Amino acid sequence: MTATPPRENRDIPKAQDQLFDAGRSAGAKYAALVVGRPGLGAVVGYELVMLLSQWVPGALGLVLRKALYPRLLGACGRRVVFGQHVGLRHPHKIRIGDDVVVDDNCLLDAKGDGNEGITIGRGVFVGRNTILSCKNGDIVLGDGANVGFNCEVFSASRVIVGPRTLLAAYCYLIGGDHDWSDTTVAVLDQARTSRGVQVGSGVWMGAGAKVLDGVTVGDGAVVGAGAVVRADVPAGAIAVGVPARIVGARAQREG
């Protein structure tokens, strides 16, 4: 199993600080938070794509987004389907493979000053209302991964979901944490830390399961519905409960 990386403090600017920075114009703040590139041309191009296609319902909307969204993305494969109201932030740091579905109301947020952003492999399904959120971190969804409805994947360093892994509805991968050691200071005002999360290939996470920062879930493991995983889960293991504990192992097929 991959060794858990050490916890490190991360420079993660708060959205409030960026939004209300008196030293920057409203346009500059919008470009930094949403578009990810400075300059009027980048903002106008982003706004035109969203205005013309993001909200449009039905088949016409699918056609428009298929034609226009790739103009904003870092890379986009063939036969990619974008549902209605799919949001993009820092889209030039989003790379999508062939045969991907991003369902209605998803948010792909690759925000960060020096991160690589979001990489979605071939044949991935991202269910409606799901959020992929980077805060100076990276997210990788391996080929054939299936992310159910209303999930959130948060990364302040690096979160990896392996190929052919299934995240059922309402799963949460939490690739970041708060330092709360100073009792004289509100947790909100203390440093953010992150070791990242790694979920192996062929994993099944039941509905509502949560994986906390610094955890590795091995290949082929099963995590029960509603479990809270705060320690590594070996390959092929079955983990359930709050906090999650190992209750068995998947039988190996002979031959």
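The shown structure was predicted, so the numbers you read here are calculated from the model rather than taken from an experiment. (Residues numbered from 1 in each chain as written. Predicted model: local features only at pLDDT ≥ 70, side-chain atom pairs only at ≥ 80, totals over all residues. Heavy atoms only, no water.)

K.L.:
Any chance you could break down the overall build of the protein chain for me, citing the residues and the numbers?
P.N.:
Along its length, the protein chain carries four helices and 26 strands. Residue burial in the protein chain is summarised as follows: out of 255 residues, 44% are buried. Counting contacts in the protein chain only where the partners sit at least 6 residues apart, residues at least 24 apart contribute 29% of the total. In the structure as shown, the protein chain presents an accessible area of about 12600 Å², 57% of it carried by carbon and sulfur atoms. (Helix = DSSP H or I, 4+ residues; strand = E, 2+ residues; numbered from the N terminus. Buried < 20%, exposed > 50% of the residue type's maximum accessible area, 1.4 Å probe, protein only. Contact = heavy atoms within 4.5 Å. Areas by Shrake-Rupley, 256 points an atom, 1.4 Å probe, with all protein chains shown as cover.)

K.L.:
Describe the environment of Ala244, listing the residues and the values that go with them.
P.N.:
Looking at the element boundaries, Ala244 is found in the loop between β25 (237–240) and β26 (245–249). With 34 residues separating them in the primary sequence, Ala244 and Lys210 have C-alpha atoms 9.6 Å apart. Setting aside anything within four residues of it in sequence, one finds Ala244 in contact with Ala227, Val228, Val229 and Ala239.

K.L.:
Mind laying out the side chain of Ser194, listing which residues take part and the relevant values?
P.N.:
Residue placement: Ser194 occurs in strand β18 (residues 192–194). Ser194 gets classed as buried once you look at its relative accessible area, which sits at 0%. Among the polar contacts made by the side chain of Ser194, one reaches the side chain of Ser157 at a distance of 2.6 Å. One polar contact links the side chain of Ser194 to the main-chain carbonyl oxygen of Gly175, over a distance of 2.8 Å. (Polar contact = N/O pair within 3.5 Å; in protein donor to acceptor, adjacent residues only side chain to side chain.)

K.L.:
Pulling in residues and values, what's your account of a nonpolar patch on the surface?
P.N.:
A contiguous nonpolar patch, built from Leu40, Val44, Leu48, Leu51, Leu52 and Trp55 and spanning about 640 Å² of accessible area, is present on the exposed surface. Following the sequence through the fold, Leu48 ends up in helix α3 (residues 40–54). The class of Leu48 is partly exposed, set by a relative accessible area of 46%. (Patch = residues over 30% accessible without salt bridge, like charges linked within 9 Å, V, L, I, M, F, W, Y side chains within 5 Å. Salt bridge = Lys/Arg side-chain N within 4 Å of Asp/Glu carboxyl O.)

K.L.:
Describe in detail the sheet that holds strand β10 (residues 131–134), supporting the description with residues and values.
P.N.:
Think of a sheet as strands paired side by side through backbone hydrogen bonds, with each pair either parallel or antiparallel. Read from one edge of the open sheet, seven strands run β4-β7-β10-β13-β16-β21-β24, paired in parallel fashion. Bordering the open sheet on either side are β4 (87–89) and β24 (228–229), each of which pairs with just one other strand. By the bridge criterion, three bridges tie strand β7 (residues 107–109) to β10 in an arrangement that is parallel. Across the sheet, residue Leu107 finds its bridge partner in β10, namely Ile131. (Pairing = 2+ DSSP bridges.)

K.L.:
Tell me about the environment of Val140, residues and numbers included.
P.N.:
Mapped onto the fold, Val140 is located in strand β11 (residues 138–141). Between the C-alpha atoms of Val140 and Thr119, which are 21 residues apart in sequence, the distance is 4.8 Å. Not counting the four nearest positions on each side in its chain, Val140 is found in contact with Thr119, Arg158, Val159, Ile160 and Val161.

K.L.:
Quick one: what's the story with the pattern of salt bridges, residue by residue and with numbers?
P.N.:
Going through the model one piece at a time under the given rule, you end up with seven salt bridges. One salt bridge in this structure joins Asp103 and Arg128, with 3.5 Å as the shortest N-O distance. With a gap of 25 residues between them, Asp103 in the loop between β6 (101–102) and β7 and Arg128 in the loop between β9 (125–126) and β10 connect regions that are remote in the sequence. On the accessibility criterion, Asp103 (14% relative accessible area) is buried.

K.L.:
Lay out the sheet that holds strand β15 (residues 166–167) with the relevant residues and their values.
P.N.:
The nine strands are arranged β3-β6-β9-β12-β15-β20-β23-β25-β26 in an open sheet whose pairing can be described as mixed. Two strands in the sheet have a free side with no partner beyond their single neighbour: β3 (81–82) and β26. As paired strands, β6 and β9 are joined by two bridges and run parallel to one another. Across the sheet, residue Val102 finds its bridge partner in β9, namely Val126.

K.L.:
Tell me about the pairing of β25, and please be specific about residues and values.
P.N.:
As a general feature of sheets, a regular strand has side chains that alternate between the two faces. Alternating residues of β25 divide into Ala237 and Ala239, all buried, and Ile238 and Val240, none buried. As defined by bridge partners, β25 adjoins β26 across four bridges and the pair is classed as antiparallel. By the bridge assignment, Ala239 is partnered in β26 with Ile246. Joining the antiparallel neighbours β25 and β26 is a turn of four residues, in which Gly241 adopts a positive phi near 100°.

K.L.:
Describe helix α2 (residues 26–35), naming the residues involved and giving the relevant values.
P.N.:
Lys29, Ala31, Leu33, Val34 and Val35 are the residues of α2 that are buried. Count one or two residues on from α2 and you reach Gly36, which has phi positive near 90°.

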